[in-house]
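# Observations on the model geometry
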2 protein chains.
Amino acid sequence: MRLNKKEIENKLRQLPNWQMQGKAIGAEFQFSDFPETIRFVNRVADVAEALNHHPDICIYYNRVVISVYTHSEDGITEKDFTLAEQINQLLQQ
Amino acid sequence: MRLNKKEIENKLRQLPNWQMQGKAIGAEFQFSDFPETIRFVNRVADVAEALNHHPDICIYYNRVVISVYTHSEDGITEKDFTLAEQINQLLQQ
């Protein structure tokens, strides 16, 4: 179910790195070099496959911009926040 | 050394999939699913590391949009076409 604007804002306040990015929620992550960046993208891909929910991922050398959205609902859902939280957790491992 | 517009156009004619994409040369590749897409991105990353020339890579589920540009020259160079050709070769392997 689509979250409303207030629900999204409340959840974003508890989710470091993430903010509204157009209609999606998005985050940017920076690494020391390209191989480290690619390793992170692979871990994000594993999380996405496990959740069967796939973000848009853009790689700019040592930066990754991730954008999460529920196309089937044309909005932001709990699924998007679960994916975003799991991506954040990768940084703590 | 930066290639001029005519040189770039001539080279693009011999390079399937690639076209001007803003100031860069770019291509879009489509796969059957997300894991296959990620495998392709990893092979592109290996090529990029070997050439020490890194494209921008955007992943949209089963599509990859690649953009190649020589920032140090603020233009398109032979290096960009070498990278683009090697990316195309991955599809034939």
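Notes on the structure in this doc start here.

### Quick notes on the relation of the copies chain A and chain B
Rotating chain A by 180 degrees and moving it 0.0 Å along the rotation axis overlays it on chain B with an RMSD of 0.0 Å. The symmetry that links the two subunits is that of a two-fold axis. The position closest to the rotation axis in chain A is occupied by the C-alpha of A:Cys58, lying 2.0 Å away. Comparing contact sets, 100% of the residues at the interface of chain A also lie at the interface in chain B, consistent with an isologous, same-surface contact.

### Some details on the pairing of strand 4 (residues 63–68) of chain A
Residue and element names in this part refer to chain A. With five of six residues buried, strand 4 is to be regarded as a mostly interior element. Relative to strand 4, strand 3 (residues 56–60) runs antiparallel, the two being bridged by five bridges. Its bridge partner being in strand 4, cysteine 58 is matched across the sheet by valine 65. Connecting strand 3 to the antiparallel partner strand 4 that follows it, the hairpin turn spans two residues, and tyrosine 61 within it adopts a positive phi of roughly 55 degrees.

### Topic: the sheet that holds strand 1 (residues 19–21) of chain B
Within a sheet, each strand pairs with its neighbour through backbone hydrogen bonds, oriented either parallel or antiparallel. Taken together, the eight strands give an open sheet; going across it, the order is 1(A)-2(A)-4(A)-3(A)-3(B)-4(B)-2(B)-1(B), and neighbouring strands pair in antiparallel fashion. The open sheet terminates on both sides in strands that have one partner only, identified here as strand 1 (19–21) of chain A together with strand 1 of chain B. For this sheet the average axis-to-axis angle between neighbouring strands, irrespective of direction, equals 30 degrees. Along the sheet face, helix 3 (residues 78–90) of chain A touches strand 2 (24–30) and strand 4 of chain A and points at about 10 degrees away from the line of strand 2 of chain A.

Rules behind the numbers
- Residues numbered from 1 in each chain as written.
- Chains lettered and ligands numbered in written order.
- Predicted model: local features only at pLDDT ≥ 70, side-chain atom pairs only at ≥ 80, totals over all residues.
- Heavy atoms only, no water.
- Least-squares fit on C-alpha atoms with pLDDT ≥ 70 in both.
- Contact = heavy atoms within 4.5 Å.
- Buried < 20%, exposed > 50% of the residue type's maximum accessible area, 1.4 Å probe, protein only.
- Helix = DSSP H or I, 4+ residues; strand = E, 2+ residues; numbered from the N terminus.
- Pairing = 2+ DSSP bridges.
- Axes fitted to C-alpha atoms, helices over the stretch in contact; angles between N-to-C directions.

Geometry only, nothing functional implied.
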